[in-house]
Amino acid sequence: MNTRTNSELLYTEALEHIVGGVNSPSRSFKAVGGGAPVFMKKAQGAHFWDVDDNKYIDYLAAYGPIVTGHAHPHITKAITEAAANGVLYGTPTELEIKLAKMLKEAIPSMDKVRFVNSGTEAVMTTIRVARAYTKRNKIVKFAGCYHGHSDLVLVAAGSGPSTLGIPDSAGIPTSIAHEVITVPYNDLGGLKEALERWGDDVAAVMVEPIVGNFGMVMPEPGFLEGLCAMTRANGSLVIYDEVITAFRFHYGSTQTYAGLDNHAEIEPDLTALGKIIGGGLPIGAYGGRKHVMEQVAPLGPAYQAGTMAGNPASISAGIACLEVLQGAGVYEEMERLAIDLTAGLQASADRNGIDLTINRIRGAFSTHFCNHPVTNYDHAQDTDGERFASFFRHMLNRGINLAPSKYEAWFLTTAHTDEDIAVTLEAAEASFKAMAQE
Ligand code: PMP
């Protein structure tokens with residue numbers, strides 16, 4: 001059991017100066033019973049050290065971007081070299097072309113690319129471009145999918161696909177929420193109903209093609225094919241939010257992932273990217289069909305700009321990260337470790353009488369404390385949050401760093417080893433044993 005006195009002291013100080021003590025609400029421990037989050041001071045490979053010198057095995061991977069482990073030497077070198085040459089120019093650079101070409105080669109539906117600074121910006125802009133292209137206003141999204149914090153996508157479901165959305169955050173006008181229709185993931189009937197009711201004004205249907213934000217959830221067979229066909233028949237655009245999924249399961253995106261069929265039928269018109277493509281530095285990108293992307297300024301009437309966009313540091317880190325991911329067997333090795341880890345976790349939970357459903361997709365997985373499958377947001381909500389909170393704290397006390405939310409995934413990185421898995425499974429066995437007594 002570790003003690004975290006210094007984290008507690010820093011949290012008290014942080015609360016005085018930084019709203020809520022954190023720079024992103026997902027970092028707070030609010031969803032797992034409150035208290036001080038752990039203040040980390042160093043990260044290397046698959047490991048973290050906190051300000052009390054406790055060591056952790058990290059499965060948070062900074063919510064996804066750190067796919068090659070922390071401080072990977074190839075990426076660190078690229079960032080250092082970029083910094084020595086000046087971190088921000090405000091002019092085009094050759095590096096941007098290189099990363100754009102790498103993205104286009106890996107994601108064939110992206111004829112043209114534009115770099116921005118975050119996943120939020122990328123998504124926000126795809127919506128603007130789709131609206132400009134279709135000259136329509138509304139978007140359809142899926143319950144539980146997270147697309148960043150711009151107004152339009154922070155909207156919850158109304159009481160069904162035939163109603164308009166309600167704001168999910170203060171500060172979002174109802175008039176904006178009314179531009180959004182939310183339907184259940186994996187529910188083509190819901191999408192059909194929404195398009196029948198509102199279709200004339202639907203600019204785009206936005207989806208995480210494989211979900212990463214209420215656990216890892218695969219599209220059911222035919223879901224993406226049906227979604228694309230129905231959306232196109234309605235004259236709307238398909239937008240894939242691949243901020244988590246691109247380069248997570250293989251070198252490419254969901255659109256070419258071998259775990260899904262009919263690649264030609266599931267290509268979107270626009271794709272939003274972020275996280276991994278910046279190697280850990282701030283980045284986002286969006287792209288798609290040439291005729292759609294030509295809406296964007298300076299070619300077209302849809303305006304989008306950015307002082308920091310395409311900065312040499314982020315772009316260099318992104319190129320270096322993708323170069324590491326091109327290495328032979330990289331994804332197979334992450335998957336092998338994830339198979340061992342999830343098999344061990346399931347066996348350990350079963351042994352201790354704890355209900356656990358694990359959704360694994362290659363090297364990423366989610367742990368749901370329930371005894372039913374999780375294929376949509378309702379299922380993910382209908383899981384035992386207190387059990388998760390208890391598990392989270394037991395694991396943290398034993399040096400395993402997970403996301404403090406029952407909806408977030410565990411990510412393997414290229415830096416994890418068999419030894420890390422063995423240590424994690426020991427911690428899990430002790431955690432489940434303790435939970436069985438609670
Ligand atoms: N889309 C998805 C699918 C995400 O998971 C996230 C962030 N978790 C975003 C968009 C927003 O990205 P960012 O935090 O970089 O703005």
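Residues numbered from 1 in each chain as written. Predicted model: local features only at pLDDT ≥ 70, side-chain atom pairs only at ≥ 80, totals over all residues.

Naming follows an unreviewed UniProt entry, where the protein appears as Glutamate-1-semialdehyde 2,1-aminomutase of Paenibacillus amylolyticus. What the UniProt record of the protein gives under Cofactor (unreviewed entry) is the line "pyridoxal 5'-phosphate". Looking at the protein in UniProt, the text filed under Subunit (unreviewed entry) is "Homodimer." (UniProt positions renumbered as here; feature names shortened; annotations may be inferred.)

A. Fine view of the site of the ligand. Not every one of the 15 residues close to the ligand is listed here, only the nearest: Ser118, Gly119, Thr120, Gly148 and Val243. Of all the elements, helix α4 (residues 119-134) adds the most residues to the shell around the ligand, at 3 residues. (Near = placed C-beta within 6 Å. Helix = DSSP H or I, 4+ residues; strand = E, 2+ residues; numbered from the N terminus.)

B. How the structure looks around the domain arrangement of the protein. In terms of domains, the protein is made up of domain 1 (5-71 + 328-437) and domain 2 (73-325). Computed over C-alpha atoms only, the centres of domain 1 and domain 2 are separated by 26 Å. Residue-level contacts link 26 residues of domain 1 with 28 residues of domain 2. Among the elements of the structure, α10 (330-351), β13 (357-361), β14 (364-368) and α11 (377-381) are those that each provide at least two residues to the side of domain 1 that touches domain 2. The biggest single contributor to the side of domain 1 that touches domain 2 is β14, with 4 residues. Across the side of domain 1 that touches domain 2, the residue classes break down as 15 nonpolar, 8 polar and 3 charged. (Domains from an automatic or database assignment. Contact = placed C-beta atoms within 7 Å. Nonpolar A, V, L, I, M, F, W, Y, C, P; charged D, E, K, R; others polar.)

C. Expanded view of the environment of Glu121. Here Glu121 lies in helix α4. Separated by 33 residues in sequence, Glu121 and Leu88 place their C-alpha atoms 19 Å apart. In this view, Glu121 contacts Val116 and Gly284; residues no more than four positions away in its chain are not counted.

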